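# Inside the fold
Listed below are the residues making up each chain.
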Amino acid sequence: MYACGITPYDAAHLGHAFTYLTFDLVNRVWRDAGHDVDYVQNTTDIDDPLLERAEAIGVDWRDLAHREIDVFRDDMAALRIIPPTSYVGVVESVDLISDLAARIRDTGAAYELDGDLYFSADEAPEFGAISHLSREEMLDLFGQRGGDPQREGKKNPLDWLLWRAERPGEPAWDSPLGRGRPGWHIECSAIALDRLGPAFDLNGGGSDLIFPHHEMGAAETRCATGGPNAHNHLHVGMVGLDGEKMSKSLGNLVFVSKLREQGVEPSVIRVAMLAHHYRSPWEWTDAELPVACERVKRWRAATSLGSGPDAAPMLAAVRAALAEDLDSPGALAAVDAWADTALTVGGTDTSAPGLARATVDTLLGVEL
Ligand code: 5CA
Ligand code: ZN
């Protein structure tokens, strides 16, 4: 599977964490089913927002990226998110990205505009099959999410950048397309195709990537290979704060690292997020942590008893819940029910507390 990784210009917030927690659950469910999971995640270590932030705070863009990548990976490890098989940066992948862009150009689906290379949306046969949006909605989102519908000279306002020719003061690399740097969507199509091949199992990220990112990325792969990039897409609901999507550009962020500095245990943060189904958008509020903290306490109390009620049905219920479109709230409810019985009625099975602890640890990633 492939999950779109961070643009490292600000530390990991709870929205990012929720997205990677979701892919972690997929990883755990697949591993539990006996699969070897090859999991690739990119790092957008060169892009406009990173360059703008670096300029604004007066640091080198590479130093900013390295610093934020370290914070992100440290937070992910603390949250016990199993790392991808490989993290792949854009800077280290410029050759394979420009090769894919050149392959697309050679099919005739791209055209040049003042030295930049654009994918022609009218040449994408299944354009819209991922997002199912109207043209108006597409134009609106394209403008909001890194696109340039207003640029003069394009054949279709939805045409998107594959390769951006060098601009004064911006980093650039030599390529068959001239000196410049990759557009955004092509980085993920190229890295995924290189590492996972065509038609891999699962591609995804947060729901803000459905359009344009995943629609345009899928069109690139289809153009180059004749088939889909991935058989399935998974998109995670946005985590919000104060009525808005939590986003780096809005600045309404709750950082995992800040919560950890304040002494919040990572297991508690993880359980707070698991209480929400991955597909539903939700709001972070101050009530999240006390509820999760109480839950973890009860689970710990129940699993530290010398014996308890048989935990095998609880393991089966957790597996069944996760198999049902990653129903993590359902999985938590199954653990709650076992813990409540253990604490109120008790039980004589001396292996039950160990099995319950292992279930929560392995399938939900929560250390008790
Ligand atoms: N580098 C690109 C993907 S190639 C990017 O979108 N980076 S990001 O840093 O902005 O986001 C990283 C991941 O977190 C993406 O999958 C994005 O969809 C997800 N994400 C961002 N904000 C939120 C949020 N508020 N709630 C849930 N997921 C989010
Ligand atoms: Zn991506």
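Residues numbered from 1 in each chain as written. Chains lettered and ligands numbered in written order. Predicted model: local features only at pLDDT ≥ 70, side-chain atom pairs only at ≥ 80, totals over all residues. Heavy atoms only, no water.

## Observations concerning the packing of helix H9 (residues 266–274) against helix H10 (residues 288–303)
Closest axis-to-axis distance for the H9/H10 pair is 8 Å, and the angle between their directions is 110°. Overall, the two elements H9 and H10 adopt an arrangement that is roughly perpendicular. Listed contacts from H10 to Ser267, Val268, Ile269, Val271 and Ala272 of H9 are Glu288, Leu289, Ala292, Cys293, Arg295, Val296, Trp299 and Arg300. (Axes fitted to C-alpha atoms, helices over the stretch in contact; angles between N-to-C directions. Helix = DSSP H or I, 4+ residues; strand = E, 2+ residues; numbered from the N terminus. Parallel < 35°, antiparallel > 145°, perpendicular 65-115°, else oblique. Contact = heavy atoms within 4.5 Å.)

## Let's talk about the domain arrangement of the chain
The domain architecture assigned to the chain consists of domain 1 (2–240) and domain 2 (286–368). The C-alpha-based centres of domain 1 and domain 2 are spaced at 37 Å. Taken together, the seven residues of domain 1 in the interface contact 10 residues of domain 2. For the pair domain 1 and domain 2, the summed buried surface comes to about 830 Å²; carbon and sulfur atoms form 59% of the total. Remark: the boundary between domain 1 and domain 2 carries two salt bridges. (Domains from an automatic or database assignment. Buried area = accessible area lost by both parts, 1.4 Å probe. Salt bridge = Lys/Arg side-chain N within 4 Å of Asp/Glu carboxyl O.)

## Section: the coordination of the zinc ion (ligand 2)
Only Cys4 (SG), Cys188 (SG) and His213 (NE2) from the protein reach the zinc ion (ligand 2) as donors, at distances of 2.1 to 2.2 Å. Coordination at the zinc ion (ligand 2) comes from four donor atoms whose angles at the metal span 102 to 119°, giving a geometry best classed as tetrahedral. Of note, the donors binding the zinc ion (ligand 2) are all from one chain and are spaced C-x183-C-x24-H. Within this pair, whereas Cys4 is found in the loop between strand S1 (2–3) and helix H1 (14–32), its partner His213 is found in helix H7 (residues 210–225), the two being separated by 209 residues in sequence. The exposure class of Cys4 is buried, given its relative accessible area of 5%. (Donors = N, O, S within 2.8 Å, 3.2 Å for Na, K, Ca; no water. Tetrahedral: all angles 85-135°; square planar, octahedral: opposite > 155°, others 65-115°. Buried < 20%, exposed > 50% of the residue type's maximum accessible area, 1.4 Å probe, protein only.)

## Description of the pairing of strand S8 (residues 200–206)
The two faces of a sheet get side chains in turn, since along a regular strand they alternate between them. Burial analysis of S8 places six of its seven residues in the buried class, which makes it a mostly covered element. Where S1 and S8 come together, two bridges link them in parallel fashion. Across the sheet, residue Tyr2 finds its bridge partner in S8, namely Asn203. Relative to strand S9 (residues 230–236), S8 is paired through six bridges, and the arrangement is parallel. In the strand pairing of S9, Asn203 is matched with His233. For the crossover from S8 across H7 to S9, the handedness is right-handed. (Pairing = 2+ DSSP bridges. Right-handed = clockwise from strand over helix to strand, strands pointing away.)

## Observations concerning the site of ligand 1
Near ligand 1, the surroundings consist of 24 residues, among which Gly5, Thr19, Thr44, Asp208 and Lys248 are the closest. Measuring from an oxygen atom of ligand 1, one finds a backbone N or O atom of Gly206 at 2.9 Å. Bound to the protein, ligand 1 loses 95% of the 600 Å² it would expose on its own. Residue assignment for the shell around ligand 1 shows that the elements contributing at least two residues are H1, helix H6 (184–196) and S8. Looking at the shell around ligand 1 residue by residue, the class counts come to nine nonpolar, 12 polar and three charged. (Near = heavy atom within 4 Å. Polar contact = N/O pair within 3.5 Å; in protein donor to acceptor, adjacent residues only side chain to side chain. Areas by Shrake-Rupley, 256 points an atom, 1.4 Å probe, with all protein chains shown as cover. Nonpolar A, V, L, I, M, F, W, Y, C, P; charged D, E, K, R; others polar.)

## Notes on the state of the cysteines
This model, assessed by the stated rule, comprises zero disulfides. Unpaired in terms of disulfides, Cys223 finds its nearest cysteine sulfur in Cys188, a separation of 17 Å. On the basis of relative accessibility, which here comes to 21%, the residue Cys223 falls in the partly exposed class. (Disulfide = S-S within 2.5 Å.)

## Concerning unusual backbone geometry
For the peptide bond that leads from Phe211 to Pro212, omega is 5°, which places it in the cis range. Inspection of the secondary structure assignment puts Pro212 in helix H7. Residues other than glycine seldom take positive phi values, yet Arg80 does so here, at roughly 55°. Within the element layout of this structure, Arg80 appears in the loop between helix H3 (61–78) and strand S3 (86–89). Using a relative accessible area of 26% as the deciding quantity, one classes Arg80 as partly exposed. The backbone of Ala199 sits at a positive phi, close to 55°, despite the residue not being glycine. Note on placement: Ala199 falls in the loop between H6 and S8.

## With respect to H6
Along its 13 residues, H6 runs 19 Å from first to last C-alpha, staying within 8% of the 18 Å computed at 1.5 Å per residue. When H6 is considered as a whole, its buried residues turn out to be His185, Ile186, Glu187, Cys188, Ser189, Ala190, Ile191, Ala192, Leu193 and Leu196. Residue Gly197 follows H6 closely and has a positive phi angle near 80°. (Expected span 1.5 Å × (residues − 1).)

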